[in-house]
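What the coordinates show
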Protein chains: 2
Amino acid sequence: MKAWENNIRKVTPYTPGEQPQKAGIIKLNTNENPYPPSPRLAQLLKEMNSKDLRLYPNPAASSLVDALAAYHGLNADQVFVGVGSDDVLALAFLTFFHSSKPILFPDITYSFYDVWADLFQIPYETPALQEDFSILPEDYYRENGGVIFPNPNAPTGIAMGLNAIRNILDHNQDVVVIVDEAYVDFGAESALALIDQYENLLVVRTFSKSRSLAGLRIGYAMGNPLLIKYLSDVKFSFNSYTMNQPSLYLGSRAIEDEAYFQETLRKIVNTREWAKRELRELGFEFTDSKANFIFVRHPSHPAKELFQALRQAGIYVRHFDRERISDYLRITIGSQEEMETLIRFLKNNLSS
Amino acid sequence: MKAWENNIRKVTPYTPGEQPQKAGIIKLNTNENPYPPSPRLAQLLKEMNSKDLRLYPNPAASSLVDALAAYHGLNADQVFVGVGSDDVLALAFLTFFHSSKPILFPDITYSFYDVWADLFQIPYETPALQEDFSILPEDYYRENGGVIFPNPNAPTGIAMGLNAIRNILDHNQDVVVIVDEAYVDFGAESALALIDQYENLLVVRTFSKSRSLAGLRIGYAMGNPLLIKYLSDVKFSFNSYTMNQPSLYLGSRAIEDEAYFQETLRKIVNTREWAKRELRELGFEFTDSKANFIFVRHPSHPAKELFQALRQAGIYVRHFDRERISDYLRITIGSQEEMETLIRFLKNNLSS
């Protein structure tokens, strides 16, 4: 190793799901929405003026912040936006988990949490999920440097009720508690209702799943103005202009088409429940997911084999080679047609 | 202060220049390009398909990385892209300046450097520029945790020759040396020619100035593959998908129109040299800027007064209320017409 390498921060990065560029595959591996964003965006995109791109965007991202605040019935100073919820979460780890005490998150959860903790040298402990993969709130009733969990949890899809979240908050008044609601629109209760009561609660959302805009990179956080101010200060110490003009322009208008949004949510939830019935008939076991994916295992077919077989058939799902969950596949809910193709393939494959 | 505030990282953020939304102003305060990006982008924007936005972008940003590598005659593994050069630099500070020894940068330079150092708790020392605001290479010949400087320097605009940079590199073989070339296209020599010789050299560029695309947020770094790998690992530990689809798509095509790029550069450089002559006649003193701005003072008119008077006339320039430079204004080179308006205003104002 060269001398100059001594000073370098060495990390094991998060591994994102594959983004194959091939046409014709069925992509059920990164929890994208099978339906395109509102057709109104096509027109808005056409109206964009490339000449405006020479100027810096508004650093406060006001158009997007204001639109989100109005949508959720909040004030602008309760909303923070970033380049996807990963950007928001990375900055939140950097801002709020600045303690020598360990932060807490489940042993099985979004696999970026430990990557951020390692990057910023934040100590952490990971209470084990119960046997049924549910979170036990009592595990979070001890001294810590902060708490974070997704609701619904990933990759299990299991949702926690508001009472359980309230209990966790009541036992964690001295640290920041982050509820990562990337998948909340697909059927869980939002903790947004609690931000007025709990000034140490940050709720994080994304445009990448329910809003069909993974390609724009928009995430946001909601919380009390002081929490948002601390987060903004760190953001403005990292990069002043994070949201580019296309994402500000399209993002702020994308939330206008509520009818279309509700319609695609309804379709995905219906397909998810249909897929659960079909998978059960095929002998699969799974948690009761409230997200846009199902976390499944088959008692007689190893996940790794299924993963490979599906892949060869052009159906991409996600497999995590990690303790406790290496028997499972996470299958994103695609369109009804895509899911029918999946089920058909599994029927043929499992019986052969 | 509430208990939960104890764990929070508290910082003094960088203050970006104003981005007034008013029409009709002359904006010479944030070093944007007065000329729009290549007219080809208008057509490309029209051809974008909003349906594609539902998918995550390619996390390796390959289209943009490949285009930049080809443009500079490098391999793809020598190029790293980010959300503006601020994103690239923030990640580079986090990756490369992970030492207990102080990093070195000039006392008068891009005012984000000390903000990043404070954010990541990196110790730093700031050798003073010479009386004429030039960098003395010998100041960087001592033990340190890393070196960074812009070339041309900001806000002075003074460029360092390749020999001086080579000397700094020769005396700093055990740390990473970053040359921030945000303004290099306007007339300085690039250190890019040295990356094959010095594996600890990182050269950083941006699309925001010479390439007229501040609104897209694209910056990049070039260096040897090992350096780029370390930087990528940290980036993938922070946010997998930073570059959104519009910026990948438009950014990778924006560098194709070399003729247009050279033409706008030529116009800006001509206007800069014209403005220098006019300002000299008006009694201004300034450094010999090789950037797209001029750093000026007037012996008998305080900078703050001029700043206010210009602002009232709808002409925005930048004033830094900092030691050694509070007498100066940084004036971005606008279009010839804008600069003529500026000079006309100054003529009237200084004589009245």
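Worth saying up front: this structure is predicted, and the values here are computed from it rather than measured.

A tally of helices and strands in chain A yields 10 helices and 13 strands. Once the C-alpha set of chain A is aligned to its principal axes, its extents read approximately 60 × 55 × 55 Å. Put simply, 72% of the contacts in chain A that link residues at least 6 apart link residues at least 24 apart. For chain A, the accessible surface area stands at approximately 12,900 Å², while carbon and sulfur atoms represent 47% of it. Between the averaged position of the 35 positive side-chain charges in chain A and that of its 43 negative side-chain charges there is a distance of 6 Å.

Below, the discussion takes up the confidence of the model for chain A. Across chain A, pLDDT averages 96, with 100% of residues at or above 70. Prediction confidence for the complex, expressed as pTM and ipTM, is 0.97 and 0.96 respectively.

Attention now goes to the environment of A:E138. Along the chain, A:E138 turns up in the loop between β4 (124-125) and β5 (147-150). For the pair A:E138 and A:E189, spaced 51 residues apart in the sequence, the C-alpha separation amounts to 20 Å.

Our next topic: the packing of aromatic side chains. Residues and elements named next belong to chain A. For the structure on display, the rule yields 39 aromatic pairs over all chains. Ring centres of Y183 and F293 lie 4.9 Å apart, and the angle between their planes is 85°; on these two criteria the pair is classed as edge-to-face. On the criterion of sequence distance, the pair formed by Y183 in the loop between β6 (177-180) and β7 (201-206) and F293 in strand β10 (residues 293-297) is long-range, its members being 110 residues apart. The residues Y183 and F293 share a single accessibility class, namely buried. Between R211 and the ring centre of Y71, over which it is positioned, the NZ or CZ distance is 4.8 Å. A cation sits over an aromatic face here: K235 above F236, 4.4 Å from the ring centre.

Across a sheet, paired strands are connected by hydrogen bonds in the backbone, their directions being either parallel or antiparallel. Residue and element names in this part refer to chain A. Pairing in this open sheet of four strands is antiparallel, and the strands run β9-β10-β13-β12 from one edge to the other. At either end of the open sheet lies a strand with only one pairing partner, and these are β9 (285-286) and β12 (318-319). Bridge analysis of β9 against β10 gives two bridges, and the strand direction is antiparallel. The residue bridging E285 from the neighbouring strand is R297, located in β10. The sheet strands contacting helix α8 (residues 258-281) are β9 and β10, and the helix crosses β10 at an angle near 10°.

Laying chain B over chain A is done by rotating through 180° and shifting 0.0 Å along the axis; what remains is an RMSD of 0.0 Å. Taken together, the rotation and translation describe the operation of a two-fold axis. Among all residues of chain B, the minimum C-alpha distance to the rotation axis is found for B:K46, at 2.6 Å. Taken as a fraction of all interface residues of chain B, those also at the interface in chain A reach 100%, which identifies the copy contact as same-surface.

As a further point, take the pairing of strand β7 (residues 201-206) of chain B. Residues and elements named next belong to chain B. Counting buried residues in β7 gives six out of six residues, a clear majority hidden from the surface. Where burial is concerned, the two faces of β7 agree: the one with L201, V203 and R205 and the one with L202, V204 and T206 are both buried. Sheet topology places β7 next to strand β8 (residues 219-222); four bridges connect them, and they run antiparallel. Across the sheet, residue V203 finds its bridge partner in β8, namely M222.

All names here are of chain A. In the structure shown here, the tally under the stated rule is six cavities of 30 Å³ or more. Taken as a whole, the largest cavity holds about 400 Å³ of empty space. Along the wall of the largest cavity there are 31 residues; nearest its centre are Y14, Y110, Y183, K209 and R330. Here the lining of the largest cavity takes four residues from helix α3 (residues 84-96), the largest share from any one element. The residue makeup of the lining of the largest cavity, split by class, is 14 nonpolar, nine polar and eight charged. Empty space within the second largest cavity amounts to approximately 120 Å³. What lines the second largest cavity is a set of 14 residues, among which S38, R211, A254, Y260 and F261 lie closest to the centre. The greatest single-element share of the lining of the second largest cavity, amounting to four residues, is contributed by α8. When the residues that make up the lining of the second largest cavity are grouped by side-chain class, the tally is seven nonpolar, four polar and three charged.

Omega for the bond connecting A:A154 with A:P155 falls within 30 degrees of zero, at 0°, which places this linkage in the cis form. As for its placement among the helices and strands, A:P155 is situated in the loop between β5 and α5 (162-170). The linkage connecting B:N151 with the following residue, B:P152, adopts the cis geometry, with an omega of -5°. By the secondary structure assignment, B:P152 is in the loop between β5 (147-150) and α5 (162-170). In this model, A:Q121 sits at a positive phi of 55°, which is unusual for a non-glycine residue. The topology assignment puts A:Q121 in the loop between α4 (113-119) and β4.

Attention now goes to the sheet that holds strand β12 (residues 329-332) of chain B. All names here are of chain B. With respect to topology, three strands assemble into an open sheet ordered β9-β10-β12, the strand pairing being antiparallel. The open sheet has two free edges, formed respectively by β9 (285-286) and β12, since each of these has just one partner strand. One ladder, built from four bridges, connects strand β10 (residues 293-297) with β12; its direction is antiparallel. Among the inter-strand pairings, F295 is bridged to a residue of β12, identified as R330. Together, β9 and β10 form the strand contacts of helix α8 (residues 258-281), whose direction differs from that of β10 by roughly 10°.

This part covers helix α6 (residues 225-236) of chain B. Every α-helix carries 3.6 residues per turn, so stepping three or four residues along brings you back to the same face. All names here are of chain B. Between its first and last C-alpha, α6 extends 16 Å over 12 residues, near the 16 Å set by a 1.5 Å rise per residue. For α6, a buried count of nine out of 12 residues is recorded, marking the element as mostly surrounded by other parts of the structure. Turning to α6, its buried residues are L227, I228, Y230, L231, S232, D233, V234, K235 and F236. Where α6 begins, one side-chain oxygen reaches toward the backbone nitrogen of L226, 2.8 Å away; that side chain belongs to N224.

Bringing the environment of A:Y56 into the picture now. Structurally, A:Y56 is set in the loop between α1 (40-47) and α2 (62-72). Using a relative accessible area of 11% as the deciding quantity, one classes A:Y56 as buried. Setting aside its immediate chain neighbours within four residues, A:Y56 contacts A:Y241, A:Q245, B:Q19, B:T30, B:E32, B:S208, B:K209, B:A214, B:G215 and B:R217. A polar side-chain atom of A:Y56 sits 2.7 Å from a polar atom in the side chain of B:K209.

Residues and elements named next belong to chain A. Considering the arrangement of structural elements, one finds A154 in the loop between β5 and α5. Given the relative accessible area of 7%, A154 is considered buried. As for A154 and A128, which are separated by 26 residues in sequence, their C-alpha atoms are 14 Å apart. Sequence-distant contacts of A154, that is, excluding residues within four places in its chain, are made with I108, T109, Y110, Y183 and F293.

With 91 residues of chain B in contact, the opposing surface of chain A contributes 91 residues. Buried area between chain B and chain A, summed over both chains or domains, comes out near 7,600 Å², and the portion from carbon and sulfur atoms is 59%. By the criterion of area lost to chain A, the three top residues of chain B are B:W4, B:Y56 and B:F238, representing 12% of everything that side buries. Applying the counting criterion to the chain B and chain A interface returns two salt bridges. Note that B:E199 is salt-bridged to A:K2, the shortest N-O span being 2.8 Å. Taken together, the connections running from chain B to chain A amount to 48 residue pairs in polar contact (both at pLDDT 80 or more). Residue assignment for the side of chain B that touches chain A shows that the elements contributing at least two residues are α1 (40-47), α3 (84-96), α4 (113-119), α6 and α7 (245-254) of chain B.

The rules we used
Residues numbered from 1 in each chain as written. Chains lettered and ligands numbered in written order. Predicted model: local features only at pLDDT ≥ 70, side-chain atom pairs only at ≥ 80, totals over all residues. Heavy atoms only, no water. Helix = DSSP H or I, 4+ residues; strand = E, 2+ residues; numbered from the N terminus. Contact = heavy atoms within 4.5 Å. Areas by Shrake-Rupley, 256 points an atom, 1.4 Å probe, with all protein chains shown as cover. Lys, Arg positive; Asp, Glu negative; His and termini not counted. Charge placed at Lys NZ, Arg CZ, Asp CG, Glu CD. pLDDT = per-residue confidence, 0-100. Phe/Tyr/Trp six-rings, centres within 6.5 Å; stacked < 30°, edge-to-face > 60°. Buried < 20%, exposed > 50% of the residue type's maximum accessible area, 1.4 Å probe, protein only. Lys NZ or Arg CZ within 6 Å of the ring centre and 35° of its normal. Pairing = 2+ DSSP bridges. Axes fitted to C-alpha atoms, helices over the stretch in contact; angles between N-to-C directions. Least-squares fit on C-alpha atoms with pLDDT ≥ 70 in both. 1 Å grid on protein atoms, 1.4 Å probe; cavity = no way out; pocket = protein on both sides within 12 Å on 5 of 7 lines; lining within 4 Å. Points joined across faces, edges and corners; volume = space filled by probe spheres on them. Nonpolar A, V, L, I, M, F, W, Y, C, P; charged D, E, K, R; others polar. Expected span 1.5 Å × (residues − 1). Polar contact = N/O pair within 3.5 Å; in protein donor to acceptor, adjacent residues only side chain to side chain. Buried area = accessible area lost by both parts, 1.4 Å probe. Salt bridge = Lys/Arg side-chain N within 4 Å of Asp/Glu carboxyl O.

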